[in-house]
Amino acid sequence: MALVAGTTPAVPSRNAALALGHGAPPPKKHLGFTLNGEIYAIAIEQIKEIIGFRPMTTVPMMPAYLRGIINLRGMVVPVIDLARRFGQDPTPVGKRSCIVILEIPLYPEMPEQRHTMGLVVDMVNAVLDISPAVIEPAPSFGINIRPDFLHGMAKIKDKFVLLLNIQRVIMLEELNALRSLARKDV
């Protein structure tokens with residue numbers, strides 16, 4: 001395409017491209033879960049499995065939000081109490097409480113190096129298809145957690161779902177401390 005000084009090339013607007021079906025990213029799957037009455041979601045590619053709540057071994061001198069460690073088929077898995085991480089009271093264990101097992105990259109520049117860990121949640125709700133077009137920025141007020149812990153929020157069926165940024169929730173330094181813990185035997 002030749003450009004003439006003083007003119008701009010004809011570029012379709014984003015809305016026009018979306019209306020034609022061009023450039024609209026497909027929805028991403030997220031695991032929706034409830035914690036203290038709020039609905040959260042994590043990108044499904046970070047989820048390894050979901051297991052029932054089970055007793056844990058407590059580890060002295062670890063952050064208060066580290067609920068303990070479990071032995072998952074011979075692997076030591078640190079388990080985070082997400083409510084405590086958010087500065088709330090510990091998650092009470094109920095009939096539907098479970099542990100969401102994640103595989104998280106240790107370093108953004110090396111995504112193949114992954115660490116396994118668990119999150120205690122009140123209950124798992126469903127797998128949600130969330131289109132990037134419905135994701136809004138995280139609000140800076142009116143929520144019970146730090147805004148930097150969120151990728152954003154999406155409105156699904158008249159309810160807001162808070163999309164967690166797991167890399168922010170589990171800081172790199174803390175993740176490395178948990179990784180060294182996982183090298184020890186249960």
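Residues numbered from 1 in each chain as written. Predicted model: local features only at pLDDT ≥ 70, side-chain atom pairs only at ≥ 80, totals over all residues. Heavy atoms only, no water.

## Re the overall build of the chain
Counting secondary structure elements, the chain contains four helices and 11 strands. Within the chain, the proportion of its 186 residues that are buried is 38%. The long-range share in the chain, meaning contacts at least 24 apart out of those at least 6 apart in sequence, stands at 58%. For the chain, the computed accessible surface area is about 10800 Å², with 56% contributed by carbon and sulfur atoms. (Helix = DSSP H or I, 4+ residues; strand = E, 2+ residues; numbered from the N terminus. Buried < 20%, exposed > 50% of the residue type's maximum accessible area, 1.4 Å probe, protein only. Contact = heavy atoms within 4.5 Å. Areas by Shrake-Rupley, 256 points an atom, 1.4 Å probe, with all protein chains shown as cover.)

## Some remarks on the environment of Gly-68
Looking at the secondary structure, you find Gly-68 in strand β4 (residues 66–72). With relative accessibility at 0%, the residue Gly-68 sits in the buried group. Considered as a pair, Gly-68 and Pro-78 are 10 residues apart in the sequence and their alpha carbons are 6.0 Å apart. Leave out the neighbours within four places in its chain, and Gly-68 touches Met-56, Thr-57, Thr-58, Val-77, Pro-78 and Val-79.

## As for the packing of aromatic side chains
Taken as a whole and assessed by the stated rule, the structure comprises three aromatic pairs. Plain terms: the ring middles of Phe-33 and Tyr-40 are 5.9 Å apart, the flat faces sit at 25 degrees to each other, and that makes the pair stacked. Both residues of the pair, Phe-33 and Tyr-40, count as buried. On the numbers, 5.9 Å between centres and 40 degrees between planes, the contact of Phe-86 with Phe-149 is tilted. Here Phe-149 lies in the loop between β9 (135–136) and β10 (150–156) and Phe-86 lies in the loop between α2 (82–85) and β6 (98–107), a separation of 63 residues in the sequence. (Phe/Tyr/Trp six-rings, centres within 6.5 Å; stacked < 30°, edge-to-face > 60°.)

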